[in-house]
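Tertiary structure, described
Now for the letters of each chain:
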Amino acid sequence: MNSMPRYIILGAGAGGGTLGGRLALAGQVVVLVARGGHLVALRERGLRLRTPDEDVTQQLTAIGGPEEVELDVDDVLILASKVHQANDMLRSWTDAPVRRNGDAVGTAGEHLPIFTALNGVAGEAFAHRYFRRVYGVCVWMPVVHLAPGEVIIRSTPRSGILHIGQVARTATNHDHVLERTAADLTAANFDVPMPDDVMAWKYRKLISNIGNVFQALVARNGDWRPLVAGAEAEARRVLDAVGIKYVSEAEEAAARDAGFTMKPVPGVPESVGGSTWQSLQRGTGNVETDYLNGEIVMIAHQAGLEAPINQRLAMLGRRAAATGAKPGDMSAEELAALLPQ
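Our subject in this report is the structure included herewith.

The rules behind each value
- Residues numbered from 1 in each chain as written.
- Predicted model: local features only at pLDDT ≥ 70, side-chain atom pairs only at ≥ 80, totals over all residues.
- Heavy atoms only, no water.
- Helix = DSSP H or I, 4+ residues; strand = E, 2+ residues; numbered from the N terminus.
- Rg over C-alpha atoms; globule rule 2.2 N^0.38 Å.
- Buried < 20%, exposed > 50% of the residue type's maximum accessible area, 1.4 Å probe, protein only.
- Contact = heavy atoms within 4.5 Å.
- Areas by Shrake-Rupley, 256 points an atom, 1.4 Å probe, with all protein chains shown as cover.
- Lys, Arg positive; Asp, Glu negative; His and termini not counted.
- Charge placed at Lys NZ, Arg CZ, Asp CG, Glu CD.
- Phe/Tyr/Trp six-rings, centres within 6.5 Å; stacked < 30°, edge-to-face > 60°.
- Pairing = 2+ DSSP bridges.
- Axes fitted to C-alpha atoms, helices over the stretch in contact; angles between N-to-C directions.
- Parallel < 35°, antiparallel > 145°, perpendicular 65-115°, else oblique.
- Nonpolar A, V, L, I, M, F, W, Y, C, P; charged D, E, K, R; others polar.
- Left-handed = near helix turned anticlockwise from the far one by under 90°.
- Core = buried A, V, L, I, M, F, W, Y, C linked by side-chain atoms within 4.5 Å.

Thoughts on the overall build of the protein
Within the protein one finds 14 helices and 16 strands. Since a compact globule built from 341 residues should have a radius of gyration of about 20 Å, the 20 Å found for the protein is in line with a globular shape. For the protein, with 341 residues in total, the buried portion stands at 56%. Nonlocal contacts in the protein, meaning residues at least 24 apart in sequence, comprise 73% of its contacts between residues at least 6 apart. Total accessible area on the protein stands at roughly 14,400 Å², and carbon and sulfur atoms take up 49% of it. Within the protein, the 38 negative side-chain charges are centred at a point lying 2 Å from the centre of the 33 positive side-chain charges.

Some points on the packing of aromatic side chains
Taken as a whole, this structure holds 2 aromatic pairs when the rule is applied. Pairing F115 with Y135 gives two aromatic rings, centres 4.7 Å apart and planes at 15 degrees, and the pair type is stacked. A residue pair is termed long-range when its members are at least 10 positions apart, and F115 in strand β10 (residues 113-117) and Y135 in strand β11 (residues 133-140) qualify at 20 residues. Accessibility assignment for this pair places F115 and Y135 in one class, buried.

Quick look at the sheet that holds strand β4 (residues 55-58)
Spatially, the 4 strands line up as an open sheet ordered β4-β3-β13-β12, and their pairing is mixed. What marks the edges here is a single partner per strand, and that holds for β4 and β12 (143-144). Bridge count for β12 against strand β13 (residues 150-153) is 2 bridges, and the pairing is antiparallel. Bridge pairing links V143 to I153 in β13. The sheet contacts of helix α1 (residues 14-25) involve β3 (47-50), β4, β12 and β13, and relative to β3 the element is tilted by about 90 degrees.

Details of the packing of helix α9 (residues 225-242) against helix α13 (residues 308-323)
For the pair α9 and α13, interaxial distance at closest approach is 8 Å and the crossing angle is 120 degrees. By the angle between their directions, the pair α9 and α13 is classed as oblique. Touching G230, A231, E234 and A235 of α9 are P308, I309, N310 and L313, all from α13. Here the contact of α9 with α13 is built from residues that sort into 5 nonpolar, 2 polar and 1 charged.

Some words on the pairing of strand β8 (residues 97-100)
When strand β6 (residues 71-72) meets β8, the two strands line up parallel, connected through 2 bridges. Directly across from D72, in β8, lies its bridge partner R99. Looking at chain direction, β8 and strand β9 (residues 103-107) are connected through 4 bridges and run antiparallel. Bridging across to β9, R100 finds its partner in D103.

Re the packing of helix α7 (residues 198-209) against α9
For any two helices packed against each other, the geometry comes down to the angle between their axes and how far apart the axes lie. Packing of α7 against α9 brings their axes to within 9 Å, and their N-to-C directions diverge by 150 degrees. Comparing the axis directions of α7 and α9 gives the class roughly antiparallel. The two elements α7 and α9 meet at a crossing, and its hand is right-handed. Contact with α7, carried on its side by Y203, I207 and S208, involves E232, R236 and L239 of α9 and no other residues of that element. Looking at the contact of α7 with α9, its residues break down into 3 nonpolar, 1 polar and 2 charged.

Side note on the nonpolar core
Core analysis: the largest hydrophobic core is formed by 43 residues, its most contacted members being Y203, F214, L217, I296, L313 and L335. Put simply, the parts of the chain that give this core at least two residues each are α7, α8 (212-218), α9, α11 (275-282), α12 (293-302), α13 and α14 (332-338). Beyond its immediate stretch of four places on either side in the chain, I296 contacts L206, I210, A235, V238, L239, A307 and N310. In terms of nonpolar packing, the next biggest core, distinct from the first, is built from 37 residues, L32, Y135, L162 and L178 among them.

In structure tokens form, the structure reads like this:
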């Protein structure tokens, strides 16, 4: 693989738009995959990238699906949708034809590497159903997508930390796609460690993401932070009981502290929250809580255990999304009363 890769971002929202925008600014060829009003805005006005230090708009190729692009063997796919949308995205791309020097050689699932830049740990299992070469990405990026055609990065000087690695670890890496992608992402203003076990980092992030639903439900309507401890402790008990390894809280905190600093972005309210908060705020009708809190529930049930706090939280997240609730519609006191004691 000697040609310059083209990065195709499957899901160019907050995370995907940031990855695609930064890669393009670093000189890489990028294709953004989006839908609805966001796709229309990307085509008409370009991708606007706002940070504490920049406000840049780029005209990048934006498409709605694989039928709009001719894939090449040197392409690299980065899956950056919400995890609950990942399976549909993977299924729509896996059978897309891939060419070498104009001649068809097979499908995307057979020939192209895919990097799973998703919250949770389900995306890698989804991807392996459809793709042979799967690389996990543990994403630490304080990014926001609320307006069509625009993404906001709330950190400086680096835009995030991306731990990446092969999910099915092998003794050799003949095509060096991991090293090349890490170098390109580093040049695009990310810190990119390559741990031996990327899933240990993703399980650690899963524990941290337990708090997403609290922020989404309560926002600034009371102090929800004391409630998170019980849900996180339950998650650790479940993972420990089944022998799943995860990076320590201290190691994760050290990596994050060394990576970037959060700073205000001009014109962006400080009250803007994380990915689940953004889904409720935009009224998408769905959230990824089933693959965060619900992932802990699934692991527990498979082992004959219970995870009642996270089970209740997953239900509350589903209900809030389905009923059009906005962040802060529930108080911290109301949430506390609904959680198992």
